[in-house]
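Residues per chain, in single letters:
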Amino acid sequence: MEKQDRFYRDTWVEVDLDSISANVTAVKNHLPRNVDIIAVVKANAYGHGDVQVARAALEAGAVYLAVAFMDEAIALRKKGITAPILVLGASRPEDAGTAASLDITLTIFQKTWLERAQECFSKDARLRVHLKVDTGMGRIGVRSLEELTEIEQLLQQDQRFIFEGIFTHFATADELDTSYFQQQFTAFKEMVDGLSCKPKYVHCSNSAAAIRFKEAAFNAVRLGIAMYGLSPSLEMEREIPFPLHEAFSLKTRVVHVKKLHKGDKVSYGATYESCGEEWIGTLPIGYADGWIRRLSGQEVLVGGVRVPIVGRICMDQCMVRLPEYVPIGTEVTLIGKQKGRNISINEIAAKLETINYEVPCIIASRVPRIYKRKGKTIDIKNYLI
Ligand SMILES: Cc1ncc(COP(=O)(O)O)c(C=O)c1O
């Protein structure tokens, strides 16, 4: 896709990079000094914009980035990011040479994978690897000391591998009942103790664990959702000892306003019928933008007032019932603050019966992201790089 200098539609996401920086700093200050921050910027930084968030996080003190797939790591390298990047998910052994050449760190958890990678590697390749341990998430990772030892021995015998880290991932760190978390933590400690030589990074905490269990941090945490200013779960919201700042807002502008009369209908299926004289505004955002049909009835902010979406949400447009006439071009906030009122990501998640993580991720890439520092737009070009 070509780089685009300007946008020709009035719907956009605003990402406040000061909030990202403040959240990274707050978590860093909360943790012991020796604990490094690995900023999790997978899935286009949870929909916020990978390179911009990566830069903000690194400037605020993160030392490592993490993504889900090699493609995401390569995209960051192409955008000029030179910081270390860990691929958290599975990669193909045939691609180990490419990862090594770009200094991308891969997650490993199978001896057969390493053997296959050895066949594909050149003599002088150097690949950083972090060993994933499955302590109860049931996704990827070694599950026994035998597997761990076999892999460690293989890594020691081949200097093309740099055994840089070991990690696990918690399934319930955001739940008030900590028993399963404790079980996983103990299992991870046993695995780490089973190594003959500890690698540079030992990490297990996601945002929830980093905030709630400082003592579990070893020497790095993988910070995702809290960096974006969101609580890992509703239950632990009250346990967060410092404010988090939501970075993501979704905005649009009224493109058409009309007065309906009693009985007039709105949108597909003609499901909405005007009760009397009503002002209806049209917004240029729809389900192809991730503003999905289930959000019909959701309120948005117009002039600091909550107004409902009426009728079915179309692919590219939806309609709102206004208390009065508003001029074409009036700004509308679908997520975020306007004149002292707020529509949080959690509110949208509740309406969609999902978790807050999902909301910024589903706002489509065709919605431009713009970036703010000190309230000013700093970068509207990079979202399509
Ligand atoms: C392996 C791994 N580590 C860390 C994270 C970050 O988690 P959170 O966003 O809850 O901080 C994720 C996110 O899904 C993950 O999959």
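Reference entry: report on the structure contained in this document.

Cut-offs applied
Residues numbered from 1 in each chain as written. Predicted model: local features only at pLDDT ≥ 70, side-chain atom pairs only at ≥ 80, totals over all residues. Heavy atoms only, no water. Helix = DSSP H or I, 4+ residues; strand = E, 2+ residues; numbered from the N terminus. Rg over C-alpha atoms; globule rule 2.2 N^0.38 Å. Buried < 20%, exposed > 50% of the residue type's maximum accessible area, 1.4 Å probe, protein only. Contact = heavy atoms within 4.5 Å. Near = heavy atom within 4 Å. Polar contact = N/O pair within 3.5 Å; in protein donor to acceptor, adjacent residues only side chain to side chain. Areas by Shrake-Rupley, 256 points an atom, 1.4 Å probe, with all protein chains shown as cover. Nonpolar A, V, L, I, M, F, W, Y, C, P; charged D, E, K, R; others polar. Disulfide = S-S within 2.5 Å. Core = buried A, V, L, I, M, F, W, Y, C linked by side-chain atoms within 4.5 Å. Phe/Tyr/Trp six-rings, centres within 6.5 Å; stacked < 30°, edge-to-face > 60°. Pairing = 2+ DSSP bridges. Axes fitted to C-alpha atoms, helices over the stretch in contact; angles between N-to-C directions.

A word on the overall build of the chain
So, point 1. The helix and strand tally for the chain stands at 11 helices and 21 strands.
So, point 2. Whereas a compact globule of 385 residues would reach a radius of gyration of roughly 21 Å, the chain reaches 24 Å, a difference of no more than 12%.
So, point 3. Taken along its principal axes, the extent of the C-alpha atoms in the chain is 80 × 45 × 40 Å.
So, point 4. Within the chain, buried positions represent 55% of all 385 residues.

Focus on the side chain of T282
So, point 1. In this structure, T282 sits in strand β14 (residues 278-283).
So, point 2. When its relative accessible area of 7% is taken as the criterion, T282 is described as buried.
So, point 3. Those residues in contact with T282 that sit more than four places away from it in its chain are R253, V254, V255, H256, K258, Q317, C318 and M319.

Section: the environment of A173
So, point 1. Here A173 is to be found in the loop between β7 (161-167) and α8 (179-193).
So, point 2. Residue classification places A173 among the buried residues on the basis of a relative accessible area of 1%.
So, point 3. In this structure, the C-alpha to C-alpha distance between A173 and G290, residues 117 residues apart in sequence, is 29 Å.
So, point 4. Apart from residues lying up to four places away in sequence, A173 is in contact with F181, N206, A208, A209, R212 and F213.

Looking at the environment of P284
So, point 1. Here P284 lies in the loop between β14 and β15 (299-302).
So, point 2. You can call P284 buried: its relative accessible area is 14%.
So, point 3. Separated by 30 residues in sequence, P284 and V254 have C-alpha atoms that sit 7.5 Å apart.
So, point 4. Setting aside its immediate chain neighbours within four residues, P284 contacts R9, D10, T11, T252, R253, V255, D289, D316 and Q317.

Let's talk about the environment of A45
So, point 1. Locating A45 in the fold gives a position in helix α2 (residues 42-46).
So, point 2. In sequence terms A45 and I225 are 180 residues apart; their C-alpha atoms lie 9.5 Å from each other.
So, point 3. Excluding anything up to four places from it in sequence, A45 contacts D50, V53 and Y228.

Things to note about the site of the ligand
So, point 1. For the ligand, the full set of nearby residues is V40, K42, Y46, L88, R139, H169, N206, S207, R222, G224, I225 and Y357.
So, point 2. Side-chain polar atom of R139 to an oxygen atom of the ligand: 3.1 Å apart, as the coordinates give it.
So, point 3. Calculation on the ligand without its partners gives an accessible area of 390 Å², and the protein chains cover 92% of this total.
So, point 4. Among the residues forming the shell around the ligand, the class breakdown is five nonpolar, four polar and three charged.

Things to note about the state of the cysteines
So, point 1. Across all of its chains, the model carries zero disulfides by this definition.
So, point 2. Here C197 is not disulfide-linked; the sulfur of C204 is the nearest cysteine sulfur, at 19 Å.
So, point 3. C314 supplies the cysteine sulfur nearest to C318, a cysteine that is in no disulfide, at a spacing of 7.8 Å.
So, point 4. The buried category is assigned to C318, whose relative accessible area is 0%.

Some remarks on the nonpolar core
So, point 1. Among the nonpolar cores identified, the biggest contains 122 residues, and L127, M227, L250 and W291 are the most heavily contacted of them.
So, point 2. Setting aside residues up to four positions removed in sequence, L127 forms contacts with A96, A99, A100, I104, L106, W113, F121, R160, F161 and I162.
So, point 3. One finds Y272, V310, C314 and M319 within the second-largest nonpolar core, a separate group that totals seven residues.

Some details on the side chain of H203
So, point 1. Considering the arrangement of structural elements, one finds H203 in strand β8 (residues 201-205).
So, point 2. By relative accessible area, H203 is classed as buried at 0%.
So, point 3. A polar atom in the side chain of H203 sits 3.0 Å from the side chain of R222.
So, point 4. Contacts of H203, omitting those with residues within four sequence positions, involve I38, L86, H130, I166, F167, T168, F188, A220 and R222.

Quick word on the packing of aromatic side chains
The relation between two aromatic rings is expressed through the spacing of the ring centres and the mutual angle of the planes.
So, point 1. Evaluated as defined, the whole model comprises 10 aromatic pairs.
So, point 2. Three or more aromatic residues link up through ring pairs in this structure, and these residues are F170, F181, F185, F188, F213 and F218.

Focus: the pairing of strand β16 (residues 305-310)
So, point 1. With four bridges connecting them, β15 and β16 associate as antiparallel partners. When the bridges of β16 are listed, E299 appears paired with P308.
So, point 2. Connecting the antiparallel pair β15 and β16 is a turn made up of two residues, with G303 showing a positive phi of about 60°.
So, point 3. By the bridge criterion, two bridges tie β16 to strand β17 (residues 318-322) in an arrangement that is antiparallel. For V310, the partnering residue across the bridge sits in β17 and is M319.

Things to note about the sheet that holds strand β5 (residues 104-108)
So, point 1. Strands sit in the order β2-β3-β4-β5-β6-β7-β8-β9 around a closed barrel of eight strands; the barrel is parallel. Pairwise comparison of adjacent strand axes, ignoring direction, gives a mean angle of 30° for this sheet.
So, point 2. Of the strand pairs in this sheet, strand β4 (residues 85-87) and β5 are connected by three bridges, and their pairing is parallel. Of the residues in β5, the one forming a bridge with I85 is I104.
So, point 3. Helix-sheet contacts for helix α4 (residues 70-78) involve β3 (64-67), β4 and β5, and the interaxial angle to β4 is about 160°.

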